[in-house]
Amino acid sequence: MSTTNPTEKPGGGDPPPEGSSSAPAAAASSGHLEVPQNARTTSETPSGQEKKKREYKEFGHEEEKPTHAKVDMGTIQLTAEDLYDKEKVDLETIVIEDVFQLLQSSEDGLTHEEAARRLEIFGPNKLEDTQQNPILQFLSFMWNPLSWVMEAAALVAIVLSNGQGAPPDWEDFVGIVSLLFANSAIGFYEERNAGNAVRALMESLAPKAKCKRDGQWLEIESAYLVPGDIISFKIGDIVPADCRLFEAINVSIDQAALTGESLPQNKKAGDECFSGSTCKQGEAEGIVISTGPNTFFGRAASLVGQDDETTGHLQKILAKIGSFCLVTIGIFVLAEIFCLYAGFRYRYRRGLNNILVLLIGGIPIAMPTVLSVTLAVGATQLAKYKAIVTRITAIEELAGVTILCSDKTGTLTTNKLTIDRNTIKTYGPYSAEDVILFAAYASRTENQDAIDLATISALGDPARARAGIKLLDFKPFNPVDKRTEITYREESSGKIKRVTKGMTGIIIELCTRNKTEELEEQLEADVEDYARRGLRALAVAYEEVYGEQPDAEGNGFELIGLLSIFDPPRDDTKATIDEAQSLGVKVKMVTGDQLAIAKETGRRLGLGDHMYPAKVLKEGPEPGSRFNNLDQMILDADGFAGVFPEHKYDIVRRLQGLGHLVAMTGDGANDAPALSRANVGIAVEGATDAARGAADIVLTEPGLSTIVHAIRQSRVIFQRMRNYSIYACAVTIRVVVCFAILAFTYKFDFPPFMILVVALLNDGTILTLSLDRVLPSNEPDSWNLTEIFAYAIAYGIYLTMSTITLVVVIVETNWFERTFEVALSNPARNPGGRLIDKNDPQLHMITYLQVAIISQALIFVTRSHGFFFMERPSFALMGAFGIAQLVSSIIAAYGNWGFTDVHVISGGWIGIVWVWNICWFFPLDLIKFAMRATVIKMIHERQRRRVQAAAIAAAGPPAPVERVLSRVQSVHESLYSNRMTFLRRTMRRFHLGGKIHVKPDELTRISSIQAQSTGQVLARHPSRPRPPPGVVGTIEH
């Protein structure tokens, strides 16, 4: 026998068009590799004695043999009890004949009458979609406690103040209503532009289906399919409903977007195909077992909408901040009511104006607006990094994310099969490059499947796959031979040669040349090593052909090498994961692919290989393991493999129950439920419409590197919001405490309209905080509200002292008049030197100017970590501050408004106020440092001890997983949600809008659940027809 020199390079030459002497069908994408677990090969020794049988344990799915029902299907009555009793019917492995009998159908299909009857029972084969009423949606943004207080203030100004000869307070009413509508308009605009996940899932369903009714093939709307229908699909079609195949010709189905499996799957008679998957090869007929919301696809959609009633993290924080402000205001409003009316015997209207000052000045009504603008600007900045934000509150939650759950296929990896050059095995005098070149010869260059494409791509230059050879014959992959084969003439030598590649067990059985016991043992070990690492094996063999005919006998195939095929990580994934971990974010892989593949990918990415199969999520840790409960296992694991949508959903839910903010990345419809449940759902580039619709952030560039930019940017935005929150709470304290004390001591009646002007100028300035320069933290951010409230109380009391001290000096002494030669409009004083008219209009204007200037200046202290002048603010913030101070000073100099009790003041008074505020401003940094060294340090120490105690408690008995951030926990918190709340629940109570909800624990073994549900409904609604031909047995009703 002659051999080929492996170093011999083929010459040039143009090959004939491929397929000139080959079958036109494309090779199945995964068929080169898949092999039954127990595939064995035998060979004969030269002496004719049989060698030992070998088992090539290649990587792949284990096959389950179909079984019959354990009782006579023709005699049992199919009640719900029968269907759920596996001692009678094991629906997970039931043979196709029993499926026909269970669904009361035949290969001729249903009758039109029966199909119409079942349509009434099961509903249309489409997903429910509910449209929100835009008017109710707009009004819902005025339905929270902060807005209620402002709405009450508006009613007070227009209704209750109309008495004792005084007209309604139109000015205050218009100002308050304008603030409310501005806030609602921004929130409404945000939500109306958010993606609708359920609609995206609906659009992904196949619009048409080929169905057999009354023995005739028809093309109907897929929405009219019902369980028991007979359908047909071919290459390029989308499977219209979940079905079991009873006829399949070379069928390959791409269901990566549904299950996360890297490779398209070969399907044979008896297998199940999922709705929404794509037929990549062949044609098939099947019986529909589930439609619409009961399909695998539909259950994913129902999970996407299941947590629609969950309060967002930012809304929960707003609820607590709002509660702090409301309690503060409530205490001092009650105090004023008792003191002013009961103590001072104020008239109705006079006391009402004082209460309005506390309500208008104390409520941070613009807080949702300011935070929304801050987040919206942040979303625009994220767009520069190719990240589209569909729910802007997710930016705040991304800053606090502690765990990132990532899908593997298409997210961490390229979802593109590749030859792993580092693991190629060679046998004999052949190099790895020789093996790749020979494998490329045995691959199609047109109409390629995934394996052929990966093989030819490994060459670098696809032209080399036909360079120097003349193609004589090509046999594409088919599910019977499980290999491809090329016969070609080598132009440099004129010799005819033949190369084949395919499944290991098949290729080694063909080999007769140079096959030894040692070679087979080595091959068996190599294949098992690949299987342990989740790599798929592709064997390559070569022979020379006698004579000049392409179909002539050869000198016997010789095994030359073994290729490993895998889905490689993206180029930037490892660096992205390392950077995410340096930012304090733990990354976990959650994939629908197999455990061995997940572990190998985890090792390559540095994630670790402490990964577990999905079954542990149901069974829990094994007895005697180091984990006391499932929650500990999930927290410790590097990832999970073989998971379905409900598993991903449950992992995210449990991590949230342990107190973590969780981000989930993905690209397929199978990721949509977990994307929806996660605090932050991230759809990567190339994601399906369903994943993009369920996600909060959609990436438009490949890979995960954009996520690191998004995390850093979100932490910048978080710092801006934290700075504003301290400022807003401090202003509430300073306004409420300050004017209450002035009313108690001097019966000081500050005009409500002027406090509204202060609020408008402050909020207009603070809006530019969304563009401020701040430094992000290197750890996940969290809302430490105790710290925020402590700072706010300290700042608020200090600013209150600055205002009260100024008023006391003016009222009790004439030092300013004597020193700076200024005067009030009514300067009369009593013999003790005290000002007689303590409600002098000019004194009101002086107080207004002092409060307006120093309140806005406070933001420069709250935004900095050190001295305020050490961290330069943005030009926008500085410019807005300057304009606001100029406007405040102009109002003080020229604001002679007849409708409110103020009067212009001289330039001398304006200068006095400015110098006064500057003197009081500088010590604010000292207060910040003193608080940090004392009170804040104590708060952090107490929280650290609490965390340690919680960690010790976590090692004890398993704690029940609680629903986190839920409206069920607190009605009060739920009222701050930027989604439909009270009004929408009222609509549902009166059946004005419906939504499909499916419990996550229903999503086990999809075939079993679907067939059980369908059979149960049919048992309750028997059609009583004469058994159609082809059905085995009868059904008793």
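From a predicted model like this one, the values you see are computed outputs, not experimental measurements. (Residues numbered from 1 in each chain as written. Predicted model: local features only at pLDDT ≥ 70, side-chain atom pairs only at ≥ 80, totals over all residues. Heavy atoms only, no water.)

Focus on a negative patch on the surface
Reasoning step 1: A surface patch of negative charge is lined by Glu107, Asp108, Glu247 and Glu283.
Reasoning step 2: Of note, Glu247 is situated in strand E6 (residues 242–254). (Patch = residues over 30% accessible without salt bridge, like charges linked within 9 Å, V, L, I, M, F, W, Y side chains within 5 Å. Areas by Shrake-Rupley, 256 points an atom, 1.4 Å probe, with all protein chains shown as cover. Salt bridge = Lys/Arg side-chain N within 4 Å of Asp/Glu carboxyl O. Lys, Arg positive; Asp, Glu negative; His and termini not counted. Charge placed at Lys NZ, Arg CZ, Asp CG, Glu CD. Helix = DSSP H or I, 4+ residues; strand = E, 2+ residues; numbered from the N terminus.)

Thoughts on the packing of helix H11 (residues 348–362) against helix H27 (residues 752–766)
Reasoning step 1: Close contact between H11 and H27 brings their axes to 8 Å; oriented N to C, the two are set at 10 degrees. Judged by the angle between their axes, H11 and H27 are roughly parallel. Contacts between H11 and H27 pair Asn353, Leu356, Val357, Ile360 and Gly361 from the former with Pro752, Ile755 and Leu756 from the latter.
Reasoning step 2: Here the residues of the contact of H11 with H27 sort into 6 nonpolar, 2 polar and no charged. (Axes fitted to C-alpha atoms, helices over the stretch in contact; angles between N-to-C directions. Parallel < 35°, antiparallel > 145°, perpendicular 65-115°, else oblique. Contact = heavy atoms within 4.5 Å. Nonpolar A, V, L, I, M, F, W, Y, C, P; charged D, E, K, R; others polar.)

As for the UniProt feature "transmembrane region" (unreviewed entry) in the chain
Reasoning step 1: In the numbering used here, UniProt assigns the "transmembrane region" (unreviewed entry) feature to residues 321–343, 355–377, 724–744, 750–769, 789–811, 845–863, 875–897 and 903–922.
Reasoning step 2: Helix makes up 87% of residues 875–897 and strand 0%, with an end-to-end C-alpha separation of 33 Å.
Reasoning step 3: Along residues 903–922, the helical share is 75% and the strand share 0%, with 30 Å between the first and last C-alpha atoms. (UniProt positions renumbered as here; feature names shortened; annotations may be inferred.)

Thoughts on helix H30 (residues 841–857)
Reasoning step 1: Taking 1.5 Å as the rise per residue, H30 with 17 residues should run 24 Å; its terminal C-alpha atoms sit 25 Å apart, in good agreement.
Reasoning step 2: Burial analysis of H30 places 16 of its 17 residues in the buried class, which makes it a mostly covered element.
Reasoning step 3: Sitting at the amino-terminal end of H30 is Asp840, which places a side-chain oxygen 2.7 Å from the backbone nitrogen of Gln842. (Expected span 1.5 Å × (residues − 1). Buried < 20%, exposed > 50% of the residue type's maximum accessible area, 1.4 Å probe, protein only. Polar contact = N/O pair within 3.5 Å; in protein donor to acceptor, adjacent residues only side chain to side chain.)

Focus on the packing of H30 against helix H33 (residues 907–921)
Relative placement of two packed helices is described by the angle separating their axes and the distance separating the axes.
Reasoning step 1: At a closest axis distance of 10 Å, the pairing of H30 and H33 adopts a crossing angle of 35 degrees. Seen from above, H30 lies across H33 with right-handed handedness. Between H30 and H33, the residues in contact are Ile846, Leu849, Gln850, Ile853, Ile854 and Ala857 and Trp909, Ile910, Val913, Trp914, Trp916, Asn917, Trp920 and Phe921, respectively. (Left-handed = near helix turned anticlockwise from the far one by under 90°.)

Some words on the pairing of strand E17 (residues 536–544)
Reasoning step 1: Of all 9 residues in E17, 9 are buried; the element is thus mostly enclosed.
Reasoning step 2: As paired strands, strand E16 (residues 496–502) and E17 are joined by 6 bridges and run antiparallel to one another. For Lys497, the partnering residue across the bridge sits in E17 and is Glu544.
Reasoning step 3: The sheet contact formed by E17 and strand E18 (residues 558–566) spans 7 bridges and is antiparallel. Pairing of Leu538 across the sheet is with Leu563, part of E18. (Pairing = 2+ DSSP bridges.)

So, the environment of Ile905
Reasoning step 1: Position of Ile905 among the secondary structure elements: in the loop between helix H32 (875–894) and H33.
Reasoning step 2: The class for Ile905 is buried, based on a relative accessible area of 5%.
Reasoning step 3: Taking the C-alpha atoms as reference points, Ile905 and Ser889, 16 residues apart in sequence, are found 9.7 Å from one another.
Reasoning step 4: Ignoring anything within four residues of it in the chain, the contact list for Ile905 reads Gln842, Met845, Ile846, Leu849, Ala892, Ala893 and Ile910.

Considering the pattern of salt bridges
Reasoning step 1: This structure, assessed with the given rule, holds 38 salt bridges.
Reasoning step 2: Notably, a salt bridge pairs Asp636 with Arg626, separated by 2.8 Å at the nearest N-O pair. Of this pair, Asp636 sits in helix H22 (residues 630–636) while Arg626 is found in the loop between helix H21 (616–619) and H22, placing the two residues 10 residues apart along the sequence.
Reasoning step 3: On the accessibility criterion, Asp636 (28% relative accessible area) is partly exposed.

Comments concerning the sheet that holds strand E11 (residues 403–406)
Strand pairing within a sheet occurs via backbone hydrogen bonds; the two strands may be parallel or antiparallel.
Reasoning step 1: Read from one edge of the open sheet, 8 strands run E10-E24-E23-E22-E11-E19-E21-E20, paired in mixed fashion. With one partner strand each, in any of the chains shown, strand E10 (387–389) and strand E20 (611–613) form the two edges of the open sheet. Between one strand and the next, the sheet's axes are offset by a mean angle of 20 degrees, whatever the strand orientation.
Reasoning step 2: Alignment of strand E22 (residues 662–666) against strand E23 (residues 680–683), held across 4 bridges, turns out to be parallel. Among the inter-strand pairings, Thr665 is bridged to a residue of E23, identified as Ile682.
Reasoning step 3: On top of the sheet, helix H20 (residues 595–605) reaches strand E19 (586–590), E20 and strand E21 (639–641); it is set at about 170 degrees to E20, its chief contact.

Structural notes on the nonpolar core
Reasoning step 1: Formed by 146 residues in total, the largest nonpolar core has its most connected members in Tyr724, Phe739, Tyr795, Tyr848, Trp909 and Leu924.
Reasoning step 2: Looking at which element gives the most residues to this core, the answer is helix H26 (residues 705–746), with 22 residues.
Reasoning step 3: Look past the residues within four positions of Tyr795 in its chain and what remains in contact with it is Ile726, Ala730, Leu858, Val861, Thr862, Leu924, Ile927 and Lys928.
Reasoning step 4: The next biggest cluster of nonpolar side chains, apart from the first, holds 30 residues, and it includes Leu417, Phe438, Leu459 and Tyr488. (Core = buried A, V, L, I, M, F, W, Y, C linked by side-chain atoms within 4.5 Å.)

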